[in-house]
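# Structural features, examined
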4 protein chains.
Amino acid sequence: MGEISCSTEPINGVLSRSSSSPPPSGYRKSCWYEEEIEENLRWCFALNSILHTGSTQYQEIALFDTKPFGKALVIDGKLQSAEVDEFVYHECLVHPPLLNHPNPKAVFIMGGGEGSTAREILKHTTVDKVVMCDIDEEVVEFCKEYLVVNTEAFNDPRLDVIINDARAELEKRKEEKFDVIVGDLADPIEGGPCYKLYTKYFYESTVKPRLSQGGIFVTQAGPAGIFSHAEVYTCIYNTLRQVFKCK
Amino acid sequence: MGEISCSTEPINGVLSRSSSSPPPSGYRKSCWYEEEIEENLRWCFALNSILHTGSTQYQEIALFDTKPFGKALVIDGKLQSAEVDEFVYHECLVHPPLLNHPNPKAVFIMGGGEGSTAREILKHTTVDKVVMCDIDEEVVEFCKEYLVVNTEAFNDPRLDVIINDARAELEKRKEEKFDVIVGDLADPIEGGPCYKLYTKYFYESTVKPRLSQGGIFVTQAGPAGIFSHAEVYTCIYNTLRQVFKCK
Amino acid sequence: MGEISCSTEPINGVLSRSSSSPPPSGYRKSCWYEEEIEENLRWCFALNSILHTGSTQYQEIALFDTKPFGKALVIDGKLQSAEVDEFVYHECLVHPPLLNHPNPKAVFIMGGGEGSTAREILKHTTVDKVVMCDIDEEVVEFCKEYLVVNTEAFNDPRLDVIINDARAELEKRKEEKFDVIVGDLADPIEGGPCYKLYTKYFYESTVKPRLSQGGIFVTQAGPAGIFSHAEVYTCIYNTLRQVFKCK
Amino acid sequence: MGEISCSTEPINGVLSRSSSSPPPSGYRKSCWYEEEIEENLRWCFALNSILHTGSTQYQEIALFDTKPFGKALVIDGKLQSAEVDEFVYHECLVHPPLLNHPNPKAVFIMGGGEGSTAREILKHTTVDKVVMCDIDEEVVEFCKEYLVVNTEAFNDPRLDVIINDARAELEKRKEEKFDVIVGDLADPIEGGPCYKLYTKYFYESTVKPRLSQGGIFVTQAGPAGIFSHAEVYTCIYNTLRQVFKCK
């Protein structure tokens, strides 16, 4: 009975070096999302699947199902929020002002299209009206469809989703007052879409007049790390304290 | 009219360093498939989407839509075939034997579940019967569904798709003869699924008796590079020339 | 006058597609250090150079000159400390206990081979004796040679570098007392080299007796993030408060 | 006797999840050189060390000690040549013309700064003069220093290394004839440094007149793959056959 003939080496020797042999323990093959945090620094997370990639009028959006972080929303190439820990950001944004207010009923969200800020606000049973005003309809629709954790919030009758520029919307609602106004926006980059929503003028002329007696304004303010606080946090803080009595 | 207040630096200076600023030209963010060719060598290709990942009874399969190579079939973590150039392999496997045979009518494919080998064979108008015998039904179904380039071939009435071990199938068909038998199999790895389909004994006792007068046997034989030919090519060549009169 | 002849396409068309053309803006080519934080999560930082890679009796060590973080010390494949921000860890470890002690003179460092903990301690002018006891002589020598930021500390006559197991060393010094004892050790992993330096028994029978009246013990206690605090921080905290009166 | 106290989970459970635990089998951490072959395709090879990175007047050069390929020379971000297989290119470039010439004595190398082409030529004992003319002195010096495999060639008294533009040098040597002229240059990219060394005019007016009776001209001509041959190979071939009688 014959076998495979090797003129040069015994079969085991030859074949064990074959590139087609089963992967050695620890052999890797995988799909990765790779984000450049800065030019010389990346992070990479393994992917289960690419749920969606696309462009809206305002930004590029993608939703990935990642192995380490669950579903992850990426806007303009930057990880915005991940299933496994988005609650940290959203709880910290929402609950301090709502718990500090004695009886929050009406809340206005500038931005917040993902729906998670609304979800946290709606947990407060005193709240009977939430206006969420985001400029990008496609992101809102996209999150409504994919982020099942926010489905209940999107369907809550107390929530009113408005597609508009938050500044224009607040200016339009001259007769309304809100107990809490929440800024859940991108960082203020000169020339960027949200820059005008972080100015002293906007806070004084638009935000403050819409707050009811004892009303509270809260805004995300970018990273506050030992180096990164200088990026936008310090600016926003310094602007805020010129307009509001800070807690 | 107020602006964002920065106590430390002028706004431009601060904000232009922001990690949230729009990506500089050339900024990368992307999804990648990464394959370890060997422990210290990888290649990575950018992904449009992950069309499918799963396991069959015999192997792990995935289909990716890659940016550089189009749809790519990955089996057990190794790129098998890509839309953009699979024709090179399949044309080279099929057309030399079929053009060398004066009148090929009946062809047997050992393996070939992807469907591309059948597609090339069916281009020969003399051919009136192709038996494609692959052991992995799920791969065949999967390729039938996703590889639209082979849809027509899968639907060709001359093609008979059999799910079986190719050796068992050839042994069973004692009365049949084929003008061309094509080996479109994984490499012969000791203990691997295809090892027995590359032995001298198999060629002598099973393949050769199924060839009609003037019949031709052809098999893929692994990489034939300056170093890689020693992996399996040399073995297969040396085995073949003990059994067949080589052209 | 002749030119390069192209039978198929005009030169510009052909050559502009050449793989040898100058890189487009944003083209990347670089050397990277890649660390798997966990199986499905990596970070990668660009390298200027690989200053050293090697193994000691106890661990693998490497020193890289990285683009984003300056010189970075990697032990057993994990980034330990980087030039650009190691001060954050070392200042936080050292200055609270030394500032809380009314007159710290004698300090004992368990571990600390990198030299940065000693550097911070030696900034306190009351200190007249620092015993730094690390088990791995090669790491100490290596850091002395490469980490120029600690050169002055290593040469300070108040510093006594001992190569020994910190527990053995403390037990040996039965007659000595220290005003501050600092644990600058790897995390307590069962079976790992430092596990016994985090036990209640060790704290009670060895550390506490070596503290002078009003003496302070401080130890690094691993990451304290929203998820990661459960890894070792909680354990260490719970152990410490059974032995010491915590501030 | 005490132990580490965990209020929440048994120690094993907690600690086995620790990010500080010894790497599982197959855990990767490494230094990599990553080259973008095109925008959506990369290859990466593991590094032992970065031997040199720098810029000359003409190009960026780097020498890496790679795990899969040994020492690798990278020019302008593209892998040029690697220790493990550079002989394939250089043997194929040199030996066919030198073996086809009945008595090669004088050889001129256009480019070839790496030294490997000279090394192969000098193996021919009939050769008594090799002029190697490269424009980039720093590359030549760099290769002389680092590529020990070419040390003997660089020291061979038959080799004359000239730093000059190969065209200018050939034009200057009006009275000299060479038995073989070898083009070991970068690909002809419009506007690139070597473009004029691939034109019909150059071949006719400069190269051909410098060849002795029965002299042979050979040039590298870029990749000749199933797709890549269209990049520069076809152009060079079509140019050459208008000037030379091709073998």
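Residues numbered from 1 in each chain as written. Chains lettered and ligands numbered in written order. Predicted model: local features only at pLDDT ≥ 70, side-chain atom pairs only at ≥ 80, totals over all residues. Heavy atoms only, no water.

## Details of the overall build of chain A
Helix and strand counts for chain A come out as 8 helices and 10 strands. When the 247 residues of chain A are sorted by exposure, 53% land in the buried category. A separation threshold of at least 6 residues defines the contact pool for chain A, and within that pool the share at least 24 residues apart is 58%. About 11,300 Å² of surface is accessible on chain A, with carbon and sulfur atoms providing 51% of the total. (Helix = DSSP H or I, 4+ residues; strand = E, 2+ residues; numbered from the N terminus. Buried < 20%, exposed > 50% of the residue type's maximum accessible area, 1.4 Å probe, protein only. Contact = heavy atoms within 4.5 Å. Areas by Shrake-Rupley, 256 points an atom, 1.4 Å probe, with all protein chains shown as cover.)

## Digging into the UniProt feature "active site" (unreviewed entry) in chain A
All names here are of chain A. Under the present numbering, the feature "active site" (unreviewed entry) in UniProt falls on Asp 184. In this structure, Asp 184 sits in strand 9 (residues 178-184). Using a relative accessible area of 13% as the deciding quantity, one classes Asp 184 as buried. With residues up to four places along the chain from it excluded, the contact list for Asp 184 reads Tyr 89, His 90, Leu 93, Ile 109, Met 110, Gly 111, Gly 112 and Thr 117. (UniProt positions renumbered as here; feature names shortened; annotations may be inferred.)

## Some points on helix 4 (residues 137-146) of chain C
Residue and element names in this part refer to chain C. Val 139, Val 140, Phe 142 and Cys 143 are the residues of helix 4 that are buried. Taken end-on, helix 4 shows its buried residues confined to a sector of 165 degrees, consistent with a single buried face. In this fold, the buried residues of helix 4 make contact with strand 2 (41-55), strand 3 (60-66), strand 4 (70-75), strand 7 (129-134), helix 5 (151-155) and strand 8 (159-163). (Arc of directions from axis to C-beta.)

## What about the interface of chain D and chain B?
Across the contact, 21 residues belong to chain D and 21 residues belong to chain B. Connecting chain D to chain B are 0 salt bridges. Across the contact surface, chain D and chain B share 4 residue pairs in polar contact (both at pLDDT 80 or more). Per-element accounting of the side of chain D that touches chain B gives the leading share, 6 residues, to strand 2 (residues 41-55) of chain D. Class assignment for the residues of the side of chain D that touches chain B results in 13 nonpolar, 1 polar and 7 charged. Taken together, the 5 bridges between strand 2 (residues 41-55) of chain B and strand 2 of chain D define a ladder with antiparallel strand orientation. When the sheet's bridge partners are listed, Arg 42 of chain B is paired in strand 2 of chain D with Cys 44 of chain D. (Salt bridge = Lys/Arg side-chain N within 4 Å of Asp/Glu carboxyl O. Polar contact = N/O pair within 3.5 Å; in protein donor to acceptor, adjacent residues only side chain to side chain. Nonpolar A, V, L, I, M, F, W, Y, C, P; charged D, E, K, R; others polar. Pairing = 2+ DSSP bridges.)

## Overview of the pairing of strand 10 (residues 211-219) of chain D
Residues and elements named next belong to chain D. By the bridge criterion, 5 bridges tie strand 9 (residues 178-184) to strand 10 in an arrangement that is parallel. Paired with Val 182 across the bridge in strand 10 is Val 218. Viewed along the sheet, the connection from strand 9 through helix 7 (residues 200-210) into strand 10 turns out right-handed. (Right-handed = clockwise from strand over helix to strand, strands pointing away.)

## Topic: the relation of the copies chain D and chain B
By a simple turn and slide, chain D fits onto chain B: the slide is 0.0 Å along the axis, the RMSD is 0.0 Å, and the turn is 180 degrees. Interpreted geometrically, this transformation is the action of a two-fold axis. By C-alpha distance to the rotation axis, the residue of chain D lying nearest is Trp 43 of chain D, at 2.1 Å. The share of interface residues of chain D whose copies in chain B are also at the interface is 100%, consistent with both copies meeting through the same surface. (Least-squares fit on C-alpha atoms with pLDDT ≥ 70 in both.)

## Thoughts on the sheet that holds strand 6 (residues 106-111) of chain A
All names here are of chain A. One open sheet accounts for 5 strands, arranged 8-7-6-9-10; its pairing is parallel. Looking along the sheet, the strands with just one partner apiece sit at the ends: strand 8 (159-163) and strand 10 (211-219). This sheet shows a mean twist of 15 degrees between the axes of neighbouring strands, independent of strand direction. The sheet contact formed by strand 6 and strand 7 (residues 129-134) spans 5 bridges and is parallel. Pairing of Val 107 across the sheet is with Val 130, part of strand 7. (Axes fitted to C-alpha atoms, helices over the stretch in contact; angles between N-to-C directions.)

## Overview of the sheet that holds strand 7 (residues 129-134) of chain D
Residue and element names in this part refer to chain D. In space, the 5 strands of this open sheet follow the order 8-7-6-9-10, with parallel pairing throughout. Either end of the sheet is taken by a strand with one partner, and the two such strands are strand 8 (159-163) and strand 10. Each adjacent strand pair in this sheet contributes to an overall mean axis angle of 15 degrees, direction not counted. Bridge analysis of strand 6 (residues 106-111) against strand 9 gives 5 bridges, and the strand direction is parallel. Across the sheet, residue Phe 108 finds its bridge partner in strand 9, namely Ile 181. Here helix 2 (residues 86-100) sits on the sheet in contact with strand 6, strand 9 and strand 10, set at roughly 160 degrees to strand 9.

## Considerations on the packing of aromatic side chains
Any pair of aromatic rings gets described here by the distance separating the centres and the angle formed by the planes. Residues and elements named next belong to chain A. For the structure shown, the criterion picks out 52 aromatic pairs over all chains. Plain terms: the ring middles of Tyr 33 and Phe 64 are 4.7 Å apart, the flat faces sit at 35 degrees to each other, and that makes the pair tilted. In this pair, Tyr 33 is assigned in strand 1 (residues 29-38) and Phe 64 in strand 3 (residues 60-66), connecting sequence segments 31 residues apart. With respect to burial, Tyr 33 and Phe 64 carry one shared label: buried. Summarising the aromatic geometry, the rings of Trp 43 and Phe 69 are spaced 6.2 Å apart at their centres and angled 45 degrees between planes, so their arrangement reads as tilted. (Phe/Tyr/Trp six-rings, centres within 6.5 Å; stacked < 30°, edge-to-face > 60°.)

## Side note on the state of the cysteines
Under the defined criterion, the tally for this structure stands at 0 disulfides over all chains. Between Cys 44 of chain A, a free cysteine, and Cys 44 of chain C, which holds the nearest cysteine sulfur, the sulfur-to-sulfur gap is 4.0 Å. Cys 133 of chain D forms no disulfide, and the closest cysteine sulfur to it belongs to Cys 194 of chain D, at a distance of 11 Å. For Cys 133 of chain D, a relative accessible area of 1% corresponds to the buried category. (Disulfide = S-S within 2.5 Å.)

## What to know about the packing of helix 7 (residues 200-210) of chain C against helix 8 (residues 233-243) of chain C
Residues and elements named next belong to chain C. Between helix 7 and helix 8, whose axes approach to 9 Å, the crossing angle comes to 45 degrees. Between helix 7 and helix 8, the interaxial angle falls into the category oblique. Remark: the crossing between helix 7 and helix 8 carries right-handed chirality. Across the interface between the two elements, Lys 200, Tyr 203, Glu 204 and Lys 208 from helix 7 touch Ile 236, Thr 239, Leu 240, Gln 242 and Val 243 from helix 8. Partitioning the contact of helix 7 with helix 8 into residue classes produces 4 nonpolar, 2 polar and 3 charged. (Parallel < 35°, antiparallel > 145°, perpendicular 65-115°, else oblique. Left-handed = near helix turned anticlockwise from the far one by under 90°.)

## Section: the environment of Ile 226 of chain C
Mapped onto the secondary structure, Ile 226 of chain C falls in the loop between strand 10 (211-219) and helix 8. Considering only alpha carbons, one finds Ile 226 of chain C and Glu 190 of chain C, 36 residues apart in sequence, at a separation of 23 Å. Sequence-distant contacts of Ile 226 of chain C, defined by excluding residues within four places in its chain, comprise Phe 87 and Val 88 of chain A.

## Observations regarding empty space enclosed by the protein
If you walk through the whole model with that rule in mind, you get 3 cavities of 30 Å³ or more. What the largest cavity holds in volume is close to 140 Å³. Along its surface, the largest cavity is lined by 16 residues, and Arg 42 of chain A, Arg 42 of chain B, Glu 34 of chain C together with Glu 34 and Arg 42 of chain D are the ones closest to its centre. Counting only elements with at least two residues in the lining of the largest cavity, the list comes to strand 1 and strand 2 (41-55) of chain A, strand 1 (29-38) and strand 2 of chain B, strand 1 (29-38) and strand 2 of chain C together with strand 1 (29-38) and strand 2 of chain D. Each residue belonging to the lining of the largest cavity can be placed in one class, and the counts come to 8 nonpolar, no polar and 8 charged. (1 Å grid on protein atoms, 1.4 Å probe; cavity = no way out; pocket = protein on both sides within 12 Å on 5 of 7 lines; lining within 4 Å. Points joined across faces, edges and corners; volume = space filled by probe spheres on them.)

## Examining the confidence of the model for chain A
All names here are of chain A. In the predicted model, chain A carries a mean pLDDT of 87, and the fraction of residues at 70 or more is 88%. Across residues 7-28, where pLDDT falls below 50, the model places 47 contacts with residues more than four positions away in sequence or in other chains. Under the prediction, the complex receives an ipTM of 0.78, its pTM being 0.82. (pLDDT = per-residue confidence, 0-100.)

## Focus: the pattern of salt bridges
In this structure the tally under the stated criterion is 52 salt bridges over all chains. Across the pair Glu 120 of chain B and Lys 123 of chain B runs a salt bridge whose closest N-O atoms are separated by 3.0 Å. Salt-bridge contacts for Arg 119 of chain D lead to Glu 86 of chain D; the nearest nitrogen and oxygen are separated by 2.7 Å. Of this pair, Arg 119 of chain D sits in helix 3 (residues 116-122) while Glu 86 of chain D sits in helix 2, and the two are 33 residues apart along the sequence.

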